[in-house]
Structures are given as structure tokens and as C-alpha cells.
Amino acid sequence: MNHIEVAKSVVKKAAIDGVEAEAYVVSGTQTSVQIRQGEVEKLSYAGSKGLGVRVLIDGKMGYAYTSDFSHDSLDQAVHSALELAEISDADPNRVLPEPKPIVDEDLAIYDSSMDGVSTEEKVVFQKAVEAAALGADERVKVAAMNMYMDSVTEVSLVNSKGFSGAYQSTFSGAYIMVMAIDGDERATGFGYGFGRSLKALDPQKIGRDAGEQAVKLLGGSPVPTQVATVVYTPFAASSLLGALSQALTAKAMQRQRTFLHDKFGEAVASDMVTLLDNGRLPGGFATRPFDDEGNPTGATRLIDEGVFQAVLYDEYSARKDGQVSTGNASRRSHTGPPGLSASNFYIQPGPDSAESLIADVEKGLYVVNVMNTHSINPVNGDYSVSAQGFWIENGKMTHPVNGVTIALPLDQLLYNVSQVANDLTFIPMMGAIGSPTIRVDGVTIGGM
Amino acid sequence: MLPEQSIQKIINTALRNGGDLAEVYLEDTDRLTLVLDDQKLETATRGSDIGGGVRVFYGQTAAYAYTDDLSEEALLAAAEAAAAAARSTNQARVAVDLTRRIPSVTHPIKRPFDQMSIAEKAALLRQIDQTGRATSSLISQLMTSYTQTSRRVWIYNSDGVWAEDERFMLELRASLVAKRGDALQTITTGLGGQTGLEMLDERDPLTAVKEAAETAVHMLDAKPAPAGEMTVVINNGWGGVLFHEACGHCMEADFITSGASAYAGMVGERVGPDFLTAIDDGTIPNRRGSLRFDDEGTPAQKVTLIENGILKEYMWDLTEARRLGRESTGNGRRQSFRHMPMPRMTNTYIDAGPHDPEEIIRSTKKGLFAKRLGGGQVEIGRGDYVFAVTEGYLIEDGRLTTPVRGATLVGNGPETLRQIDMIGSDLALDPGIGMCGKGQSARVSVGQPTVRVPKLTVGGTDQPISGLMGG
Ligand SMILES: [Zn+2]
């Protein structure tokens, strides 16, 4: 039985006596390859599948999941979901979405060339990443976490309101971390590449990026504590945007779990800042034809030239506000009901190059890596992370910096964005976060 | 589970192209999660995750294939896939007979999860919610959750290992928001461990949520934390997460054998003051990181990492131990059958030291008391770490004064460890809701006595306070 049929049979079993039911099936194959010193260290292959069933009895929700598709096991899941719905609290806004037309267009999320890639090619690819990293400079001594991974995934979704849909996607990614060692000095560099197929990745670039970054960061030291300009690379900015994406959901607004909760319609950022979410961005890492409860995905302009004008909705939060879902229901796996989160979430790029943006800085920090990003607090806007990068003096990078913190409440940080470059880059995180290089003034740098 | 002959057959299939060691790992996990948010029980989830994996070692390579189907046929197919990767340099070999290992430690539970109905568990969450809200009218949001996990694992390998473990995990969490005007303060608290429902009798969740609510309200008055270098005193219990992140990860064998860790090649050398001893102990009864056997069938152990300031041992899994022809320390753990094992911590703590905890504060003229730490992160290569302080106080003339928010501790693990100048006698382990991430997530526990570091970088938004240093 194919998976859409499995989902239909589960919905049919559950949706009796006015019960609303939805079944979500995710299945696929995964491969990962780890290389160490030119040899294969770990290889892993798998095919896996899982089903989650959500039921609503008069607005009371129950959810159950299983990876076993035998009749008994599926029956058990339906039974558990119904049982759990009984002890939940009713909420009239909790209903499954009515089916809506899904535009049939090529979203460029499935690359059939992945089918023909052998394990050997993946091994050769990741060996090349390691060789390029170690070859970048003689001070690059150690490669760790040198990993390639890919997957082919199929999602099938059916609900008792008549929705039925499925799509396939592919993903291919490589990552390497290296250490440069020079006497007592040590520094870490990393390189990464992501795409819809192995052919989209360049092993030389991934390796070289890691090696060169590690060498450049050798000899880093803290700078004195001060207030200065900070220039974020797209990678360094992505964690900041990740927290912001949580602050911009309808759920966070409705439950006042965002520092922006009473700012709707107001200017909340400098006019350089336009923030978008687009679940249909061609090829985007979070792109899909419909969200994880069957609503069509789409584009939402959340902050327009600094003005906060929209939030992200799923079916539940939209009904609560008398709005329409923006197609942002999403789940990490079949083991939980859909939550609400951003898809391809990004800052609209500006006209200037990253180089010209740095050249304009009189005194500041160019940040290439930040740590402790999960402590960024979207509820009260606290933002304090540690940073690594290079000191900028009169538009030139002078020396590597590490062991400093950068801090500024998020509401002020948004206002202090003074330049946005044209090098928009996406990082697959929860969804996909994209940022160009950005300049923020008046940031507290904690150091010596 | 599967009969012994099936396991033998799977292992032999895995070794058909040669290989040094073949292993079969089977898992059956059942989980129930209830979430109460905005005063409504809105998510109730139950499910099972069943599957297995076959791993073949040949030289320094390990090939792994897994499946979510526990039939003999599916596992034989996985064994074939793993075997296909093995080079045919060795003769096909046959496994020795399996011998069931008897655990030397147990983590018995007294009240199985089914002794309370799901409705009663939901009622407990409502009670916690009401208690938290009743503590103060300033508590604007409260989310509580109940999670019970029953995880059974079976591990077999061609050296004759046959080990089984059964892990019952209970976890209660509450995350609160206190609000006054524009000021918002969040706090997360919880109780957990490898325990049955007896935890609810032994440790009072209502007291825990009340304390958390009081702290959240109290922190509304917090001032922005100062930025700069200062003396930092770290609270006992969960404060041990700093050692876990900043030093513990650097003592995991994979980072040692690759040479990536700052602690590589340092066994026998001084890495801290002579009153510092640090331990990773998977055998402590019923703690969150405790095991009978690790996920490779090695018995859980108590590993002394640092003794009187001298580095003694790292944490090993089979992969890294085989590389050096030594034994694993029982630290091979995996998130599920979908993951390959790697060296991980279990319950990690700094042992009790010689100083009176009150004296540690009293003897500090100016500094920061990090009462409650949030999450942290370490960069393995250098051992640089960063931590959020979710509840902090200034220390002025030996007394705790102003609460501060938004503080971040930044330092270098090995350097911080060397600098520690006082360790209290008040060793405590954490409340048991810790989760460690290293590409895979693992339940761990941490602990320590009150610890003082004379000079640490604190990141905050406020200007540096002049002279906020010294002992
Ligand atoms: Zn950790």
C-alpha cells in the first residue's frame, strides 16, 4: 500500500461520529558519511517511515504516532489519539483546515539526479572536502566532524475534510570543522554547503572556507569593553533572525510571548529592514507546496521598511484572530502535532556589497561566528552571545578577535541596523533562515 | 525480542564479507507527553518508536544500517547493507555464543507509570499551573508539560555481548513568563530522573513551580548586567553545566583521538587546583544520565576524569577505544536506533571541595553570583565557552545585592578550570531535566558545589562598573 493510501485508511478509521482526523506520513532514505584522515570513519544508511494521526473531537485534540504500519499498530495509534482527545481541553478554534487549491508549479525541491549518486561518490566528495581544508594552509592540522549527509523524503497528508496531497524533496549537505594550530595558538574554522543534490555542492569551496577561516582566526584575543559597530556575516546573523522569527508568530503575539506583542502596525526597526517569509521560494530549504496541516504555503511581508505589518499564522491561530492561515504549520517529524514556525525567513537584501559595507566602518567588529544562540530570548528580547571575528579600524580588518560578548536588546538592535548588503545567503535551521551581511551600530562589546 | 538464533544469523550475515566486530542494537520506546498552555491542556501525544540497527567494524571504519521494522528479514537486510560496505580483506567469520550480561547496577522504579491514569496526570499539570499562577498576579504565562518515556534496548555483538537495559524517564517542566509594564522575564524549571511516579511523592512539583514563579517576579526588578571582567561565583547543582560544557566535552574521546581537543595528550598533567576532582558516573542510582549498560552493551561506570587537579581519564565509546586497543568506559550512547553511538557524558560533576560555601560569597568583595545558568555552548578546539545567566546577583562587600539580567559568561574551559580558587563543600546534582546536544541529544545530569572563578568575562548591556574585580 502506498503511503497516501495508508494515511487515507487511518483517517477513515478515526473519522467517525463527527471526529475530525488527519494523518501525516513521512518516509524516505538517509545516508551519511564521515571521513577521517582520508579514510571512511562512519557510514550509515537507512530507509525509515512514520505516521502521526491527529484527531479533534469538538475542539479537543489528541495525537498519536507509530513507525509500524501493521493494521494492529495503526489501530492502536487511532485508539490512543481518541483516548488522549478525551482528556484534552476544548477550544472552538481548533479545527482542521478545509481543503484549498494548491497551485501546481515546480518548486525545485526535488532533484532526481540524487537517485544516481553512489555511496562511493559521496565518499570521494567528502574526502575532497577534507583534502581541500587541510591543503588550504600548512597550519591547518586537524579535521573533525567531517560529514556528508543526504536524504530523499516523501510527505503524504490526508484529512477528513477532503484534503489529500503528497510531495517529494531531496537534500544534500556537507560540513567540516578544522583546527589551525600554530605554536600555542589554536583556532577553529568551519565550512558548509547545502543543496538539493550533491551536484549543487562544491567540495573545494567547503574545505577551503574552513581552512582559510581557521588560519585567519589564529591569534585572536579580546578587545576592551566598549560600544561599537558590529558587522554580521549571513551565518552570524542567522541565529538572530531565528529568534526574531519566533517573535513574529501569531501564537507568540496571542500569548504575549514576544517583545513585539503590543507593537503591531508600528515602526519596530530601521527602514533598512524588510523581513519576509516565503514558503514557496523556488528551491528554498523550507519550500513545500502545502504546510504540515494542508494549507497552501505563500509569501508574507512581516516587517516592511521597518513597519511591523504581519505575523505568521497556522489554522488555529488564524481562526483565533479571524484571519487566514499563512501556511506556516510545521513539524520536525511525525512524532508531534504541527506547530507554528517560519519557512524561508529572510531579510530583503540591499544594494551594497559586503566589502563596501565593511569599508564604511570606522571602528567595529566583523563577526563571523557566534555562540550560545539558543539563549537569545524572543520573549523579552534579551540578546547576549559570544562572538568571534575580526576587528575593523578605518574600514580595514586589523586583527582576529575572540572571547568577547556582543549584547543589545533585540528591539534596539532592529532600530540600529544601519546597512544591509546584497549577499543574501540561506542557512537551513528550523526552516531556513536567510540574511545578507548587515551592519548594526551601538552594540555593547564585552571584553577585557 | 527476537530469538537468539535470529540474532546469531543477523550477526553472521553482517560478518559475511569479513569485519572485526558486528553489533545488533534493538530499541522499543514508548512516550507520553501532555502539554498545558494558556490554562488549557492543548497537546496530548502518545507514540512508539521501534527499530534496530546493525553495525560492522572493519579496521577504523564502521558501517551502519538501520530499519524501523524489527522483523528478522528487515534486520537481515540491514546486516547485508552494512556488510556490503566491509572490504573483503578478512575471512568471513562467525560470532561466538552470546552470553547475557548481568547488570552490576540497577535503577529500580517503585511506581510504574500506569499506576496513574492519563486524566490524573493531566490533573497534576492543572494543579501545577494553578499553583504557579496563584503565586503572583504578575505571572502572565505558564506552560507546563509531563513526559514519561519507557525505553528498552537490546545489544548483541560478535564478541558474545548480550546486554539489555530498561530506562524509565519521568520529566515535569514549567516555563513561566512574569510581566510588569514592558518588563518581561522568563524562567524554566522542572524535575526529572530515571524514575517512576514515586518522584512525585519524593519531590514536590508545586514547591518547585512556586519558587520559579517567585524568581521570575523577583527578576523583573533586575538591572542590566554589567559588561567586563569580574569575579564570578557559580551556584551549586545545575551550575555544574559549566564544567560539563566547557571541560567535559573536551574530554570525550572522539575529540581526543582526532587531536581536536585542548585536553588531548594531557593525561597525568595538572589541569586544575589540587582541591579539584571531577567525575562522570553512570552508576548513580536513578539519575537522569544513569545507565545499566551504555548503548553498546558496556556496563555503566564511575570514571574519575580529574583527581586532585590531575587529568586521569577521558570518556570512551567502543569506536574510539578500538582505535587505541583499550576498553570502553561505558560512555557509548546514541539518541535512538537511527544514530550511531558516540562518546557522551552521563552524570558529570565536580566533587565536593574544602571551602565553606557561605565563606566563598563573604570573601568576595565585588563580583557576580550566577545563581541560575541557562544554556551554554562550547567550541571544542580551544575550549571556549559561553553561558547565559538567567538569575544573577551582584556581590558587593561579601553580600548578594542587585539582581541582574542578560548576563553572559564567556571564557576558556581549560583556563577557567586552572583559575578556580575556591570549591565549596556543598555538592549537589541538578534537578534532572538536562539535555545535551552533540549532533544527537542525550539526557544527562550535572552537578557541583559552589565554585569561584576570580576573573571571568561577563557580557551584558550595561557599562562596566569600575573596579568590579578582585577577590
Ligand atoms: Zn553538552
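Engineer: Explain the overall build of chain A to me, please; I cannot follow it from the model alone.
Structural biologist: In terms of helices and strands, chain A carries 9 helices and 20 strands. The globule rule puts the C-alpha radius of gyration for 448 residues at 22 Å, and the 24 Å found for chain A is close to it. Dimensions of chain A, computed from the C-alpha atoms along their principal axes, are close to 70 × 55 × 40 Å. Buried positions account for 62% of the 448 residues belonging to chain A.

Engineer: What is the right way to read the interface of chain B and chain A from this model?
Structural biologist: Often, the extent of an interface is quoted as the loss of accessible area on bringing the components together. Contact with chain B, which involves 85 residues of that partner, is made by 74 residues of chain A. Taken over both partners, the interface formed by chain B and chain A buries close to 6,000 Å², and the fraction arising from carbon and sulfur atoms is 50%. Our enumeration of links across chain B and chain A arrives at 12 salt bridges. The residue Glu320(B) makes a salt bridge to Arg36(A) at a minimum N-O spacing of 3.8 Å. The interface formed by chain B and chain A includes 35 residue pairs in polar contact (both at pLDDT 80 or more). Top contributing element to the side of chain B that touches chain A by residue count: strand 2 (residues 40–58) of chain B, with 12 residues. For the side of chain B that touches chain A, the per-class residue count stands at 36 nonpolar, 28 polar and 21 charged. Here strand 3 (residues 60–66) of chain A runs beside strand 2 of chain B; their pairing, made up of 3 bridges, is parallel.

Engineer: Would you explain the packing of aromatic side chains in this entry?
Structural biologist: Any two aromatic rings considered together are summarised by their centre-to-centre distance and by the angle between their planes. In total, this model carries 18 aromatic pairs over all chains according to the counting rule given. With centroids separated by 6.4 Å and ring planes inclined at 20 degrees, the aromatic side chains of Phe190(A) and Tyr192(A) adopt a geometry described as stacked. Phe190(A) gets classed as buried once you look at its relative accessible area, which sits at 10%. For Tyr192(A), a relative accessible area of 25% translates into the label partly exposed. One aromatic cluster is present, built from ring pairs that chain together Phe171(A), Phe190(A), Tyr192(A), Phe194(A), Phe235(A) and Phe285(A). Lying over the aromatic face of Tyr316(A), Arg94(A) brings its terminal NZ or CZ to 3.8 Å of the ring centre. When the ring centre of Tyr25(B) is taken as reference, the NZ or CZ atom of Arg334(B) above it lies at 3.7 Å.

Engineer: Please clarify how the domain arrangement of chain A should be interpreted in this entry.
Structural biologist: All names here are of chain A. When cut into domains, chain A gives domain 1 (3–216) and domain 2 (226–446). The straight-line distance from the C-alpha centre of domain 1 to that of domain 2 is 23 Å. Contacts between domain 1 and domain 2 engage 38 residues on the former and 35 residues on the latter. Together, the buried faces of domain 1 and domain 2 total about 3,300 Å²; carbon and sulfur atoms form 64% of this surface. For the domain 1 face of the interface with domain 2, the top three residues by lost area are Asn93, Leu107 and Tyr167, together amounting to 18%. Ionic pairing is found between Glu293 and Arg54, a salt bridge with its closest N-O pair at 3.1 Å.

Engineer: How do you make sense of the sheet that holds strand 10 (residues 278–281) of chain B when you look at a structure like this?
Structural biologist: The strands making up a sheet associate through hydrogen bonds between their backbones, and the pairing can be parallel or antiparallel. All names here are of chain B. Here 6 strands make up an open sheet; going across it, the order is 12-11-10-15-24-21 and the pairing mixed. In the strand order of this sheet, the two ends are held by strand 12 (310–311) and strand 21 (428–429), each with one partner. By the bridge criterion, 2 bridges tie strand 11 (residues 302–307) to strand 12 in an arrangement that is antiparallel. Bridge assignment links Ile306 to a residue of strand 12, and that residue is Leu311.

Engineer: In this structure, what is going on with the nonpolar core? I would like to understand it.
Structural biologist: A general tendency of soluble globular proteins is for nonpolar side chains to be buried together. Grouped together as the largest cluster of nonpolar side chains are 54 residues, with contacts concentrated most on Tyr232(A), Leu248(A), Leu275(A), Leu365(A), Tyr383(A), Ile406(A) and Ile445(A). Ranked by size, the runner-up nonpolar core spans 53 residues in total, among them Met230(B), Ile234(B), Leu242(B) and Ile380(B).

Engineer: How should I be thinking about helix 3 (residues 119–135) of chain A in this particular structure?
Structural biologist: An α-helix turns once every 3.6 residues. As a result, residues three or four positions apart point the same way. Residues and elements named next belong to chain A. Between its first and last C-alpha, helix 3 extends 24 Å over 17 residues, near the 24 Å set by a 1.5 Å rise per residue. Within helix 3, the full set of buried residues consists of Lys122, Val123, Phe125, Gln126, Val129, Glu130, Ala132 and Ala133. In this structure, the buried residues of helix 3 make contact with strand 1 (20–36), strand 2 (39–57), strand 4 (140–159), strand 5 (164–182) and helix 4 (203–217).

Engineer: How should I be thinking about the pattern of salt bridges in this particular structure?
Structural biologist: When the charged atoms of two side chains lie near each other, side chains of opposite charge can form a pair. For the structure shown, the criterion picks out 63 salt bridges over all chains. One salt bridge in this structure joins Glu80(B) and Arg16(B), with 2.9 Å as the shortest N-O distance. Placement of Glu80(B) in helix 2 (residues 72–85) and of Arg16(B) in the loop between helix 1 (4–14) and strand 1 (21–37) is noted, with a sequence separation of 64 residues between them. Glu80(B) sits in the partly exposed class, given a relative accessible area of 36%. A residue is classified by how much of its surface remains accessible, and Arg16(B), at 46% relative accessible area, is partly exposed. What emerges from the salt-bridge pattern is a single network uniting Arg94(A), Lys251(A), Arg255(A), Arg257(A), Lys320(A), Asp37(B), Asp38(B) and Glu42(B).

Engineer: It is not clear to me how the coordination of the zinc ion should be interpreted in this structure. Could you clarify?
Structural biologist: Ideal donor angles around a metal are set by the shape: a four-donor tetrahedron calls for 109.5 degrees, a six-donor octahedron for 90 or 180 degrees. Residues and elements named next belong to chain B. In this structure, His244 (NE2), His249 (NE2) and Cys436 (SG) serve as the protein donors to the zinc ion, at separations of 2.1 to 2.4 Å. Each donor residue of the zinc ion lies on the same chain, and together they follow the pattern H-x4-H-x186-C. For the pair formed by His244 and His249, the shared burial category is buried.

Cut-off values and rules
Residue positions are given per chain, counting from 1 as you read along its sequence in written order. Each chain takes a letter, starting from A, and each ligand takes a number, starting from 1, following the order in which they are written. Predicted model: local features are reported for residues with pLDDT of at least 70 only, side-chain atom pairs are reported and counted for 80 or more only, and whole-chain, interface and lining totals are derived from all residues. With hydrogens and water excluded, all non-hydrogen atoms of the structure serve as input to the side-chain values. Strands are runs of DSSP state E lasting at least two residues, helices are runs of H or I lasting at least four, and both sets are numbered from the N terminus onward. With C-alpha atoms as the basis for the radius of gyration, the globule rule is written as 2.2 Å multiplied by the number of residues raised to the power 0.38. Exposure classes here rest on a 1.4 Å probe applied to the protein chains alone. A residue is buried below 20% of its type maximum, exposed above 50%, and partly exposed in between. Any pair of residues with heavy atoms lying within 4.5 Å of one another is described as a contacting pair. Joining two parts hides part of their accessible area as seen by a 1.4 Å probe, and the buried area is that hidden amount summed over both. Just to be clear on terms, a salt bridge is a Lys or Arg side-chain nitrogen sitting within 4 Å of an Asp or Glu carboxyl oxygen. Throughout this description, a polar contact denotes any pair of N or O atoms lying within 3.5 Å of each other; where both atoms belong to protein, one of them has to be capable of donating a hydrogen while the other can accept it, and for residues adjacent in sequence the pair is counted only when both atoms sit in side chains. Ten residues, namely Ala, Val, Leu, Ile, Met, Phe, Trp, Tyr, Cys and Pro, are considered nonpolar, four, namely Asp, Glu, Lys and Arg, are considered charged, and the remaining ones, Gly among them, are considered polar. DSSP bridges decide pairing: two strands pair if at least two such bridges lie between them. Centre distance within 6.5 Å is the pairing criterion for rings of Phe, Tyr and Trp, where only the six-membered ring of Trp is used; planes under 30 degrees apart are then read as stacked, over 60 as edge-to-face, and the remainder as tilted. Placement of a positive charge over a ring is assigned whenever Lys NZ or Arg CZ falls within 6 Å of the ring centre and within 35 degrees of the normal to the ring plane. What marks off one domain from the next here is an automatic or database domain assignment. Only buried Ala, Val, Leu, Ile, Met, Phe, Trp, Tyr and Cys residues count toward a nonpolar core, and they belong to the same one when joined by side-chain atoms within 4.5 Å. Every helix has an expected span of 1.5 Å times one less than the residues it contains. For Na, K and Ca the donor cut-off is 3.2 Å, while for other metals it is 2.8 Å, and in both cases only N, O and S atoms qualify; water is not among them, so sites may look incomplete.

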